[in-house]
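Read off the chains here:
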Amino acid sequence: MPLYEFICRDCDEEQELLVRGEEQPECEQCGSKKLLKKLSVVAGTTQVISDPTPPSGSCGTGCGCFPG
């Protein structure tokens, strides 16, 4: 159940709403169904590698499952 950000076209209220399936959300401030979905920034993760040594082992992860 994703959260989306909306702006109401009637009262300009910005809000974050939980939207299930094809349900039509309505403004919490004025009750209007004239909502404009805002573009949201996608959250991502990054991995910082502090050891410059490349991984070893046959699977390439450095787990040593099949030592060479």
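It should be noted that the structure appears before, not after, this text.
Along every chain, residues carry numbers that run from 1 in the direction the sequence is written. Only residues with pLDDT of at least 70 are given local features in this predicted model, and only at 80 or more are side-chain atom pairs given and counted; all residues enter the totals for whole chains, interfaces and linings. The basis for the side-chain values is all heavy atoms of the structure; hydrogens and waters are excluded.

1. Brief notes about the side chain of Ser32
Rule in force here: Secondary structure elements follow DSSP: runs of H or I no shorter than four residues count as helices, runs of E no shorter than two count as strands, and numbering proceeds from the N terminus. Any two residues whose heavy atoms approach within 4.5 Å at even a single point are treated as in contact.
As for its placement among the helices and strands, Ser32 is situated in the loop between strand E2 (14–18) and strand E3 (35–37). Beyond its immediate chain neighbours, meaning those up to four positions away, Ser32 contacts Cys8, Asp10, Glu26 and Cys27.

2. What to know about the side chain of Gln15
Going by this rule: A 1.4 Å probe rolled over the protein chains alone gives each residue an accessible area, and that area as a share of the maximum for its type sets the label: buried under 20%, exposed over 50%, partly exposed in between.
By the element assignment, Gln15 lies in strand E2. For Gln15, a relative accessible area of 9% puts it in the buried group. Aside from chain neighbours lying at most four places away, what touches Gln15 is Tyr4, Glu5, Phe6, Cys8, Glu26, Cys27, Glu28, Gln29 and Leu35.

3. Focus on the pairing of strand E1 (residues 3–8)
This is how the line gets drawn: Should DSSP find at least two bridges between two strands, the strands are taken to pair.
With five bridges joining them, E1 and E2 adopt antiparallel strand pairing. Among the inter-strand pairings, Glu5 is bridged to a residue of E2, identified as Glu16. Hairpin connection of E1 to E2: five residues between the antiparallel strands, including Asp12 at a positive phi of 65°. With three bridges connecting them, E1 and E3 associate as antiparallel partners. Looking at the pairing, Cys8 lines up with Leu35 of E3.

4. Quick look at the environment of Lys37
Note that Lys37 resides in strand E3. For Lys37 and Phe6, which are 31 residues apart along the polypeptide, the C-alpha to C-alpha distance reads 4.5 Å. What Lys37 contacts, discounting residues up to four positions off in sequence, is Tyr4, Glu5 and Phe6.

5. Quick notes on the sheet that holds E1
Going by this rule: Note on method: axes are straight lines fitted to C-alpha atoms, helices fitted across the in-contact stretch only, with angles between N-to-C directions ranging 0 to 180 degrees.
If you walk across this open sheet you meet the three strands as E2-E1-E3, and the pairing is antiparallel. The sheet is open, and its two borders are formed by E2 and E3, each paired with just one other strand. The average angle at which neighbouring strand axes cross in this sheet is 40°, direction not considered.

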